Amino acid sequence: MARSLDLESKGGRAPVGLPSRPSPLNRRSLWGLVFGVAIVWSLTQAGMFGRDVINEGGWPLVVRFLQASVRPDLSPEFLPLVLKATLVTLAYAVCGAALSTLLGFVGGILTSEVWWQAVIPRRSKGGRFGDHRAPWLILRAGLTLPRAIHEIIWGLFFVNVLGLVPLTAILAIAIPFGAITAKVFSEILDETPRRPLNALLNSGVSPLKALTYSLLPQAFTNLLSYAFYRLECSIRAAAVLGIIGAGGLGYEIFLSLQSLRYEQMWTLFFALFLLSGLTDFWSGLLRRRLGAASRLELNLLKRGRRKMQAHRRDPVVNGSLAVAVGLLVFSFWYLRPDFTQLLAPRTAQLLAGVIRDSFPPRFEAGGMGELFALSAQTLAMSILAMTGAGLLGIPLSFPAARNFLLPGGILNPGHGGRGRRLWGTGLLLATRTLLLVARAIPAPIWALILLFVLFPGLLPGAIALGLYTLGILGRLMAEVTENLDDRPLRALKAQGAPGPQVFLYGVLPRTLPGFVAYVLYRWEACIRATVIVGLVGAGGMGRLLTEQLSSFDYRGVVATLIFFLGLTLLVDLTSASVRRGLR
Amino acid sequence: MTRPGDPSGFRTCAGPIFELKNVDRRFGDLQALTDVNLRIWPGERVALVGPSGAGKTTLINLLNGSLLPSRGEVRVLGHNLARLNPRALRQVQRQIGTVYQQFYLVDNLRVIHNVNAGHLGRWSFLKAAWSLLRPLEVETAAQALAQVGIPEKLYARTDQLSGGQQQRVALARVLVQDPAAILADEPISNVDPERGREIMDLLRRLNRQTGKTLVVSLHAIEFAYSHCRRIVGLRRGRILFDAPPSKVSPEMVAALYRIEGGRGEDGPVP
């Protein structure tokens, strides 16, 4: 407040001409310039300015593939297989999400600053840093490794230790997702108001009990809605894991694609759209009921505290919880994962063997040069993917937002007739379906389809990742628009400004920063995902990693992973500093 | 700042600038306004007073066409708002400028763009878009800001201004819009008392110098006495009195803000 009072003009100060225009050279335009250079560099890496990228011979295959979409294989021999594959994918996702929530819950408490402050209270009043910081930071750093490694890599690792059993797929989802959930949950805990906790601690209650009676109930709704968001992600992860042979829809799609049975593939696609769409809808509905405005961490933290309130009596919430418990029981029964395997001596032996084989890391005979080149390729691939997804996602996200084209929305302020309502609803459904399809199909499958008409290399990988990311980003961006405070818009409308102008001055300036933040945020996820398109030969470090894993070259794997982690760290830091700079 | 080619037919209409006939406004079960009849003439300076929840904001929103009445008729510049198509409604709305309690500015834009938003009713889409890249009509905006006393904030970011300054930006936007009437919905509730007085002075000066009609809703009645020439008292959605300040007695004010016991029977009139 004091600062704003200083700024207040004291009146009577005569203006000396116009204030000079601010220089166009600011932090924003500098980042814009860096971005432009990065794009040109990435396109060069992808070979856009040199050799052929389009394989003309592939078009007939594309036509056949598209034709198959209108006559999917609905034969009675095939449909039971589709059902079984769908149930397997669902069960993997449910078990994985449940386990990751459990891991995230425990891990979140252990990696929250507030927990360590409660356990190790500050002893001396003068000290600037409490003693709690050391264990907290160490545990926090420990979370980065499982997070940075993609589910697929975890899957390939567990296949070697446990074999191709359901437990492999479940753990491959639960470990990275558990680490992500732990990070988010610890942030939720740290952001929750602490006064009730301190009141209990000061009256001599032990930290665990104090936490159970203060912060945990407060933060629980947040965790619950986040767990359902994770279920959405788990469905997609479970589908991707099929590619390494874990079974389910991803596996069957992969097989049909390899054997050119496109009619079957489309049936499986439709099953995947249905499963993914229903999960997204359910999770979105539940989160709205719980009061969590947005599905991603960024907004969860900012808005969560204000809006979160548990509606304990809400039938949707209670019904959803009952369904969730039912699904959980069914999934464990259906898959029957053998957790005793984790304690079996054979597993320990194999694990020890893998670890023994992994050290010391061996950097390729070609030396670090190849690894650096592959890192550059991977980086270029992620930059192209994110740029494409962002540029396409923004225009698609607006019609996909509920408050945009529908009557009473931003661009349709009138009490519009049936024609406008139909038009708005139609566009809403069309864009939402498009985004759903884009994110439901696993990125490696997108890559394989693109390889019909593109020569292998960075480009098909980048487009595949871009399409997948587009599906996720578009939905997130639509939510940014849906959560917009509409009062400034009403003010503009009330003075007679037409819809497009209201959009320009009221919507775009307030959504664009959020969009850019989401793109930068997803960039981190995208760099992780480059691995999975590498799996099908789309280039980058993913390809090398797959080769090394399949030839059991663990020392090479460790070397590649070290580079990969470095790259992830670089992207994390860049993304965070750009986000700060644009704020 | 008056533009040539103004739809002056609007300005010189002989009748009242605002007219409400038997207006009800309901929000679901809540009856916000009941049987309101009101005429406001060009150039008047009217205060709407009453306790919170009396229907002041609803009335302002009916006057600027943001809301339509559930029953009855709202006429602005002679036009029945419910009968207008969206385009014609916008034409009328251009003649009505509104400032709000919470300012409702786009706070991550520079001040100049918020001020220029006053042009949006007239500007083409392309002109509006270009101005976001390189501000147009800078002189007009600077003049408006000088009039409200913050000329130096032209290129500042709006969210870095204090509450009082933001309300001035909102006023500058209305000046650029150059309407026939200014509606102000509790414009000083969110600024400190001294700035509040300055803003009220400014509104009064605008009315005196340009002849723009002023309708301002106020939570506290003091400024209604000192700055307006007509006071409309609203209580529970009904007009309790409508008189010049000299005729508004302390008893009438007391009746307006009286607190009644028994919340149950205090609810909206069915």
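About the cut-offs
- Residues numbered from 1 in each chain as written.
- Chains lettered and ligands numbered in written order.
- Predicted model: local features only at pLDDT ≥ 70, side-chain atom pairs only at ≥ 80, totals over all residues.
- Heavy atoms only, no water.
- Contact = heavy atoms within 4.5 Å.
- Buried area = accessible area lost by both parts, 1.4 Å probe.
- Salt bridge = Lys/Arg side-chain N within 4 Å of Asp/Glu carboxyl O.
- Helix = DSSP H or I, 4+ residues; strand = E, 2+ residues; numbered from the N terminus.
- Nonpolar A, V, L, I, M, F, W, Y, C, P; charged D, E, K, R; others polar.
- Buried < 20%, exposed > 50% of the residue type's maximum accessible area, 1.4 Å probe, protein only.
- Pairing = 2+ DSSP bridges.
- pLDDT = per-residue confidence, 0-100.
- Axes fitted to C-alpha atoms, helices over the stretch in contact; angles between N-to-C directions.
- Parallel < 35°, antiparallel > 145°, perpendicular 65-115°, else oblique.
- Left-handed = near helix turned anticlockwise from the far one by under 90°.
- Expected span 1.5 Å × (residues − 1).
- Phe/Tyr/Trp six-rings, centres within 6.5 Å; stacked < 30°, edge-to-face > 60°.
- Core = buried A, V, L, I, M, F, W, Y, C linked by side-chain atoms within 4.5 Å.
- Patch = residues over 30% accessible without salt bridge, like charges linked within 9 Å, V, L, I, M, F, W, Y side chains within 5 Å.
- Areas by Shrake-Rupley, 256 points an atom, 1.4 Å probe, with all protein chains shown as cover.

K.L.:
Looking at this structure, how should I read the interface of chain A and chain B?
P.N.:
It is common to give the size of an interface as the accessible area lost on bringing the parts into contact. Contact residues are listed per partner, giving 35 residues for chain A and 48 residues for chain B. Carbon and sulfur atoms make up 58% of the area that chain A and chain B hide from each other, which totals about 3,600 Å². Across the contact surface, chain A and chain B share zero salt bridges. Elements with a minimum of two residues in the side of chain A that touches chain B: helix H1 (2-7), helix H22 (487-494) and helix H23 (499-534) of chain A. Counting residues per element, the side of chain A that touches chain B draws most heavily on H23 of chain A, at eight residues. Considering only residue class, the side of chain A that touches chain B consists of 16 nonpolar, nine polar and ten charged.

K.L.:
Help me understand unusual backbone geometry, please; the structure alone is not making it clear to me.
P.N.:
It is generally the case that most residues other than glycine have a negative phi and that most peptide bonds are trans. Residues and elements named next belong to chain A. In this structure, Arg 336 takes a positive phi of about 45 degrees despite not being glycine. Of note, Arg 336 is situated in the loop between helix H16 (315-335) and helix H17 (345-358). On the basis of relative accessibility, which here comes to 55%, the residue Arg 336 falls in the exposed class. Backbone geometry at Phe 552 places phi at a positive 55 degrees, although glycine is not the residue there. Relative to the helices and strands, Phe 552 is located in the loop between helix H24 (541-550) and helix H25 (554-582).

K.L.:
Just to check I follow, could you spell out the pairing of strand S1 (residues 18-27) of chain B for this structure?
P.N.:
The two faces of a sheet get side chains in turn, since along a regular strand they alternate between them. Residue and element names in this part refer to chain B. Bridge analysis of S1 against strand S2 (residues 30-40) gives seven bridges, and the strand direction is antiparallel. Paired with Phe 18 across the strands is Ile 40, a residue of S2. Connecting S1 to the next strand, S2, in antiparallel fashion are two residues, including Gly 28 with a positive phi near 60 degrees. Pairing of S1 with strand S4 (residues 71-76) involves five bridges; the strand directions are antiparallel. If you follow Leu 20 over to S4, its bridge partner there is Val 74.

K.L.:
Would you mind showing me how to read the confidence of the model for chain A here?
P.N.:
Close reading of the predicted structure is inappropriate where its pLDDT is low. All names here are of chain A. Considering every residue of chain A, the mean pLDDT works out to 82; 89% of them sit at 70 or more. The weakest mean pLDDT in chain A belongs to H1 at 35; the strongest belongs to helix H4 (residues 79-110) at 92. Counted against residues more than four places away or in other chains, residues 1-15, with its pLDDT under 50, gives 17 contacts.

K.L.:
I tried to follow the packing of helix H18 (residues 368-397) of chain A against H23 of chain A on my own but got confused; where do I start?
P.N.:
Pairs of packed helices are described in terms of their axes, by the angle between the two and the distance that separates them. Residue and element names in this part refer to chain A. Look at H18 against H23: their axes get within 9 Å of each other, and the N-to-C directions meet at 140 degrees. Here H18 lies oblique to H23, going by the angle between them. Considering the relative orientation of H18 and H23, their crossing is right-handed. Between H18 and H23, the residues in contact are Thr 378, Leu 379, Met 381, Ser 382, Ile 383, Ala 385, Met 386, Gly 390, Ile 394 and Ser 397 and Leu 512, Phe 515, Val 519, Arg 522, Trp 523, Cys 526, Ile 527, Thr 530 and Val 533, respectively. Partitioning the contact of H18 with H23 into residue classes produces 13 nonpolar, five polar and one charged.

K.L.:
Where do I start with the pairing of S4 of chain B in this structure?
P.N.:
All names here are of chain B. The pairing of S4 with strand S5 (residues 79-80) spans two bridges and is antiparallel. Counterpart to Val 76 in the pairing with S5 is His 79. The loop that links S4 with its antiparallel partner S5 comprises two residues; one of these, Leu 77, has a positive phi angle of about 50 degrees.

K.L.:
Just to check I follow, could you spell out helix H9 (residues 166-191) of chain A for this structure?
P.N.:
Since one α-helical turn is 3.6 residues long, residues separated by three or four positions face the same way. The end-to-end C-alpha distance of H9 of chain A, which contains 26 residues, comes to 37 Å, matching closely the 38 Å that a straight helix rising 1.5 Å per residue would cover. The buried fraction of H9 of chain A is high, at 21 of 26 residues.

K.L.:
It is not clear to me how the packing of aromatic side chains should be interpreted in this structure. Could you clarify?
P.N.:
Geometry of an aromatic ring pair is reported as the spacing of the ring centres plus the angle between the planes. Residue and element names in this part refer to chain A. In total, this model carries 25 aromatic pairs over all chains according to the counting rule given. Between Trp 266 and Phe 269, the ring centres sit 5.3 Å apart and the planes meet at 85 degrees, which makes this aromatic pair edge-to-face. With Trp 266 and Phe 269 both in helix H14 (residues 262-290), this residue pair falls three residues apart, about one helical turn. Side by side, Trp 266 and Phe 269 carry an identical accessibility label, which is buried. Site record: aromatic cluster; members linked through ring pairs are Phe 65, Tyr 262, Trp 266, Phe 269, Phe 270, Phe 273 and Phe 452.

K.L.:
I tried to follow the nonpolar core on my own but got confused; where do I start?
P.N.:
Burial of nonpolar side chains together is a common tendency in soluble globular proteins. By size, the foremost hydrophobic cluster in this structure holds 169 residues, and its most contacted members are Phe 269 and Tyr 505 of chain A. Leaving out residues up to four positions away in the same chain, Tyr 505 of chain A has contacts with Leu 492 of chain A together with Val 106, Leu 109, His 113, Ala 117, Leu 120, Trp 123, Ala 128, Ser 131 and Leu 132 of chain B. Counting residues in hydrophobic clusters, the runner-up holds 47 residues, among them Ala 142, Met 200, Leu 206 and Val 216 of chain B.

K.L.:
What exactly am I supposed to notice about the sheet that holds S4 of chain B here?
P.N.:
The strands making up a sheet associate through hydrogen bonds between their backbones, and the pairing can be parallel or antiparallel. Residues and elements named next belong to chain B. The strand order S2-S1-S4-S5 describes an open sheet built from four strands, whose pairing is antiparallel. Each end of this open sheet is capped by a strand with a single partner; those strands are S2 and S5. Packed on one face of the sheet, helix H2 (residues 56-63) meets S1, S2 and S4 and runs near 125 degrees to S1.

K.L.:
Even after reading the chapter, I still don't get the sheet that holds strand S9 (residues 230-235) of chain B, so can you show me in this structure?
P.N.:
Residue and element names in this part refer to chain B. Pairing in this open sheet of six strands is mixed, and the strands run S6-S7-S8-S3-S9-S10 from one edge to the other. Only two strands of the sheet have a single neighbouring strand rather than two, namely strand S6 (96-99) and strand S10 (238-243). Pairs of neighbouring strands in the sheet enclose a mean axial angle of 15 degrees, with direction left out of account. Relative to S9, strand S3 (residues 45-49) is paired through four bridges, and the arrangement is parallel. When the sheet's bridge partners are listed, Val 49 is paired in S9 with Gly 233. Sheet strands in contact with helix H7 (residues 163-177) are S6 and strand S7 (181-185), and its direction is about 175 degrees off that of S6.

K.L.:
Any chance you could explain a nonpolar patch on the surface here in plain terms?
P.N.:
All names here are of chain A. Taken together, the side chains of Phe 363, Met 368, Phe 372 and Ile 562 present a nonpolar region at the surface, about 370 Å² in accessible area. Relative to the elements of secondary structure, Met 368 occurs in helix H18. Overall, the relative accessible area of 38% leaves Met 368 in the partly exposed class.

K.L.:
It is not clear to me how the pattern of salt bridges should be interpreted in this structure. Could you clarify?
P.N.:
Where charged atoms from two side chains of opposite charge come close, those side chains can pair. By the definition in use, this model includes 27 salt bridges over all chains. Put simply, Arg 402 of chain A and Glu 482 of chain A hold a salt bridge, and the shortest N to O gap is 3.0 Å. Of this pair, Arg 402 of chain A sits in the loop between H18 and helix H19 (418-440) while Glu 482 of chain A sits in helix H21 (residues 458-482); the two residues are 80 residues apart in sequence, bridging distant segments of the chain. Judged by its relative accessible area of 38%, Arg 402 of chain A is partly exposed. For Glu 482 of chain A, a relative accessible area of 18% translates into the label buried. Notably, a salt bridge pairs Arg 71 of chain B with Asp 35 of chain B, separated by 3.9 Å at the nearest N-O pair. Of the two residues, Arg 71 of chain B sits in strand S4 while Asp 35 of chain B sits in strand S2, which places them 36 residues apart along the sequence. Overall, Arg 71 of chain B belongs to the partly exposed group, its relative accessible area being 42%. Among the residues examined, Asp 35 of chain B registers a relative accessible area of 37% and is labelled partly exposed. Connected through shared salt-bridge partners, Arg 168, Asp 192, Arg 195 and Glu 198 of chain B make up one network.

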